[in-house]
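Spelled out from the first residue to the last, the chains are:
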2 protein chains.
Amino acid sequence: MGKQITEMLKGTLEGIVLALLTGKPAYGYEITTLLRDQGFTDIAEGTVYALLVRIEQKGLVDVEKRPSEKGPPRKVYSLNTQGTQELEEFWRTWSFLAERIEQLHSTDRIEGEK
Amino acid sequence: MGKQITEMLKGTLEGIVLALLTGKPAYGYEITTLLRDQGFTDIAEGTVYALLVRIEQKGLVDVEKRPSEKGPPRKVYSLNTQGTQELEEFWRTWSFLAERIEQLHSTDRIEGEK
DNA sequence: TACTGGTACATAGTATCGCTGAGTAGTGAA
DNA sequence: TTCACTACTCAGCGATACTATGTACCAGTA
């Protein structure tokens, strides 16, 4: 997919992860595989963990440590009130951007047909 | 709009500018005002000029210097073949991302209604 | 003349964020 | 013991947008 997606994920990946956490707490490794399942095959593990540290420090999630049947204990993240607000703000920002870009996309196509 | 949009623009602003240039060459100052008109009110002039330098160095645009009636000469940028290809790649990447995020958005709304 | 404001471009320094690459550790199966 | 999967951590890097500032040209006006 090239390098474009890397830059495009900046600012959106956080929202994507917050959205994944809506209603269903999850731990880092689980989130990574969820992302891979959804088509983001190239997202590095390290990226996800770093992001989780960030949103925890921003106070957007609550963390609970739980033992795992296999492997080290898990850190389970769940969206709190502040995280929910941040997610809503994310959707507003995303919609703003997406609307304008889609508009450019359609006018581009019309130009192209001339 | 906060800082979310700043991060979200990374990777998309270049595509936005390339799209603006489709079929109609433009110069930096003009592009800045175009962006402002389209709702991107907070984009700094410096950001646009830096981006234009970048896409010129990448060879995505052709540049022509033209005198202005008012003020210093303008640098008029026009999309070339390579730029057009880059823009097409941008649309593919954007569609990939937008589809997945919109899907998350809809499932989020459904979750929220429960 | 001096000043203001609009036009037009440029750039040094900073912060953010995702990626690379490597490492640590626990578990179970071959 | 070796491998593979699970699970988390971290140092260093590169790309990009923002801040702040500067240069320069022109027109109107007090």
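Analysis parameters
- Residue indices follow the written sequence of each chain, beginning from 1 at its first position.
- Going through the entries in the order they are written, you letter the chains from A and number the ligands from 1.
- Residues qualify for local features only when their pLDDT is at least 70, as the model is predicted, and side-chain atom pairs are given and counted only at 80 or more; totals for whole chains, interfaces and linings, by contrast, use all residues.
- Water and hydrogen atoms were dropped before computing side-chain values, which therefore reflect all heavy atoms in the structure.
- Neighbouring residues are identified by heavy atoms, a residue being near a molecule or strand if any of them is within 4 Å of it.
- A 3.5 Å cut-off defines polar contacts: any pair of N or O atoms within that distance qualifies, except that in protein one atom must be a possible hydrogen donor and the other a possible acceptor, and neighbouring residues in sequence count only when both atoms are side-chain atoms.
- Helix numbering and strand numbering both begin at the N terminus, where a helix is a DSSP run of H or I of at least 4 residues and a strand a DSSP run of E of at least 2.
- Gly falls in the polar group here, along with every residue not listed as nonpolar (Ala, Val, Leu, Ile, Met, Phe, Trp, Tyr, Cys, Pro) or charged (Asp, Glu, Lys, Arg).
- When DSSP finds at least two bridges between two strands, those strands are taken to pair.
- Remark: exposure states derive from per-residue accessible area (1.4 Å probe, protein chains only) relative to the maximum for the residue type, with buried under 20%, exposed over 50%, and partly exposed in between.

Please set out the protein's contact with DNA strand D residue by residue, giving values where relevant.
Taken together, 27 residues sit near DNA strand D, with Y29(A), R74(A), K75(A), T47(B) and R54(B) positioned nearest. Counting only atoms of DNA strand D within 4 Å of the protein, the fraction found in sugar and phosphate groups is 72%. A distance of 3.0 Å is found between a base nitrogen of DNA strand D and a side-chain nitrogen or oxygen belonging to K10(A). A distance of 3.0 Å separates a phosphate oxygen of DNA strand D from a polar side-chain atom of Y27(A). Of all the secondary structure elements, the ones that give two or more residues to the surface near DNA strand D are α3 (28–37), α4 (45–57) and β3 (74–79) of chain A together with α1 (4–9) and α4 (45–57) of chain B. It is α4(B) that contributes the most residues to the surface near DNA strand D, four residues altogether. A per-class count over the surface near DNA strand D returns ten nonpolar, nine polar and eight charged.

Which residues make up the protein's contact with DNA strand C, and what values do they have?
Near DNA strand C there are 27 residues, and of these T47(A), R54(A), K10(B), R74(B) and K75(B) occur at the shortest range. Taking G28(B), its main chain carries an N or O atom lying 3.3 Å from a phosphate oxygen of DNA strand C. At the level of secondary structure, the elements contributing two or more residues to the surface near DNA strand C comprise α1 (4–9) and α4 of chain A together with α3 (28–37), α4 and β3 (74–79) of chain B. Residue composition of the surface near DNA strand C, by class: ten nonpolar, eight polar and nine charged.

Which residues make up the pairing of β3(B), and what are the values?
Residue and element names in this part refer to chain B. Of the strand pairs in this sheet, strand β1 (residues 26–27) and β3 are connected by two bridges, and their pairing is antiparallel. Looking at β3, one finds that A26 is bridged to Y77. Bridge count between strand β2 (residues 61–66) and β3: six bridges; the pairing is antiparallel. Its bridge partner being in β3, K65 is matched across the sheet by K75.

Explain helix α2 (residues 13–21) of chain B to me, using residue names and the numbers behind them.
Because an α-helix packs 3.6 residues into every turn, residues spaced three or four apart end up facing the same way. All names here are of chain B. Of all nine residues that make up α2, nine are buried, and the element is covered over most of its length. All of the buried residues along α2 are L13, E14, G15, I16, V17, L18, A19, L20 and L21. Of the residues one or two after α2, G23 is the one with positive phi, at around 80°.

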